[in-house]
Amino acid sequence: MKKLSILMLTVALPVLAAGQQFPEFRVNVIEIKGRSYSQTEKMKRAVTIFENVLNDAAFQKELTTKTFKSDRDDDLVPDPTASRVIEKIYAGRELYNPEPNNAADIYWYAEKTGLWKRMTDRCNTIGYGYPGEKEIYTYTCLLKEKDSLAKLAGHIAHEWSHKLGFVHRAEDHAERHLTVPYVFGDLVFKHAARWTGAD
Ligand SMILES: [Zn+2]
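Residues numbered from 1 in each chain as written. Predicted model: local features only at pLDDT ≥ 70, side-chain atom pairs only at ≥ 80, totals over all residues. Heavy atoms only, no water.

Bringing the overall build of the chain into the picture now. Looking only at helices and strands, the chain has eight helices and four strands in total. Ordered by position from N to C terminus, the α and β elements of the chain give α-β-α-α-α-β-α-β-β-α-α-α. Each of the 199 residues in the chain was classed as buried or not, and the buried ones make up 46%. Of the contacts formed within the chain by residues at least 6 apart in sequence, a portion of 72% connects residues at least 24 apart. (Helix = DSSP H or I, 4+ residues; strand = E, 2+ residues; numbered from the N terminus. Buried < 20%, exposed > 50% of the residue type's maximum accessible area, 1.4 Å probe, protein only. Contact = heavy atoms within 4.5 Å.)

In this section: the packing of helix H7 (residues 149–164) against helix H8 (residues 180–196). Between H7 and H8, the shortest axis-to-axis distance is 7 Å and the interhelical angle comes to 150°. As judged from the angle between their axes, H7 and H8 are roughly antiparallel. Of the two elements, H7 crosses H8, and the hand of that crossing is right-handed. Residues Leu149, Ala150, Lys151, Ala153, Gly154, Ala157, His158, Trp160, Ser161 and His162 of H7 form the contact with H8, whose participating residues are Pro181, Tyr182, Phe184, Gly185, Val188, Phe189, Ala192, Ala193 and Thr196. Considering only residue class, the contact of H7 with H8 consists of twelve nonpolar, six polar and one charged. (Axes fitted to C-alpha atoms, helices over the stretch in contact; angles between N-to-C directions. Parallel < 35°, antiparallel > 145°, perpendicular 65-115°, else oblique. Left-handed = near helix turned anticlockwise from the far one by under 90°. Nonpolar A, V, L, I, M, F, W, Y, C, P; charged D, E, K, R; others polar.)

This part takes up the packing of helix H2 (residues 37–54) against H8. Relative to each other, H2 and H8 sit at 100°, their axes nearing to 9 Å. With respect to each other, H2 and H8 are oriented roughly perpendicular. Taking contact as the criterion, the partners of Ile49, Phe50, Asn52, Val53 and Leu54 in H2 are, on H8, Phe184, Val188, His191, Ala192, Trp195 and Thr196.

Here we come to the coordination of the zinc ion. The zinc ion binds to the protein through His158 (NE2), His162 (NE2) and His168 (NE2), with metal-donor distances spanning 2.0 to 2.1 Å. One chain supplies every donor for the zinc ion, spaced along it as H-x3-H-x5-H. You can see His158 and its partner His162 sitting in helix H7, four residues apart, about one turn around the helix. Look at His158 and you get buried, because its relative accessible area is 10%. (Donors = N, O, S within 2.8 Å, 3.2 Å for Na, K, Ca; no water.)

Another point: the pattern of salt bridges. Tallied over the entire structure, the rule returns twelve salt bridges. One salt bridge connects Asp74 with Arg72, and the closest N-O pair in it is separated by 2.8 Å. A network of salt bridges, in which partner residues are shared, links Glu62, Lys66 and Lys190. (Salt bridge = Lys/Arg side-chain N within 4 Å of Asp/Glu carboxyl O.)

This part is about the environment of Thr48. One can find Thr48 in helix H2. According to the relative accessible area criterion, Thr48 is partly exposed, its value standing at 40%. A distance of 3.0 Å separates a polar side-chain atom of Thr48 from the backbone oxygen of Lys44. (Polar contact = N/O pair within 3.5 Å; in protein donor to acceptor, adjacent residues only side chain to side chain.)

The next thing to look at is the environment of Ile86. Turning to its location among the elements, Ile86 is positioned in helix H4 (residues 82–91). Each C-alpha atom, one on Ile86 and one on Pro23, is 9.8 Å from the other, the two residues being 63 residues apart in sequence.

Here the focus is the nonpolar core. Judged by nonpolar contacts, the single largest core of 45 residues is most densely connected at Phe50, Trp108 and Trp160. Counting residues per element, this core draws most heavily on H7, at eight residues. Discounting chain neighbours no more than four positions away, the residues touching Phe50 are Phe25, Val27, Ala104, Ala153, Ile156, Ala157, Trp160, Phe184 and Val188. (Core = buried A, V, L, I, M, F, W, Y, C linked by side-chain atoms within 4.5 Å.)

It is worth spelling out unusual backbone geometry at this point. The phi torsion at Asp79 lies on the positive side, around 40°, for a residue other than glycine. Mapping Asp79 onto the fold places it in the loop between helix H3 (57–63) and H4. Residue Asp79 is classed as partly exposed on the basis of its relative accessible area, which comes to 47%.

Here we come to the packing of aromatic side chains. Tallying each qualifying case throughout the model produces eleven aromatic pairs. Site record: aromatic cluster; members linked through ring pairs are Phe22, Phe25, Phe50, Phe59, Tyr90, Trp160 and Phe184. The aromatic ring of Tyr139 is capped on one face by Lys117, whose charged end is 4.3 Å from the ring centroid. (Phe/Tyr/Trp six-rings, centres within 6.5 Å; stacked < 30°, edge-to-face > 60°. Lys NZ or Arg CZ within 6 Å of the ring centre and 35° of its normal.)

As structure tokens, then:
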């Protein structure tokens, strides 16, 4: 068994020399729970789109051109290059499970948008997740929104990158959009539009 896991580790570690293909990326759904059947179905479609986008050649090509900037000292990689980000993302090594499996392990739950949040935030914050934790939460205000599949795919990409250890400051500032979760999530959102179909 020990030998097998060492072997798997060797096989799964992506090597990204110039021009080399990205490893095949999978979304490994462990649990997805909306607050209704239709929300759960929508979340499942969003993770499938997330998977399709990560294996999409146009997305991969654009990802290699991106610039990243850390805004916290405890970022997984300080000011990472695109190839470092790609290596980390496609390895899929969540902080709580250091074995790389080229997969995003998904535990995703809907959280009811409370009255206070509806009044003060108006779904500006669409969800959350923390480095080192398995679960990602999304407010029902986004799940109920029409045509939100691409947004949901970008959101799950952003939150899942936190599970790898990529972080950003909580408050908005001029360069926050250059952190890995934002660049990655925004790019998944942009390319997701080609995979959504009718929402
Ligand atoms: Zn975030």
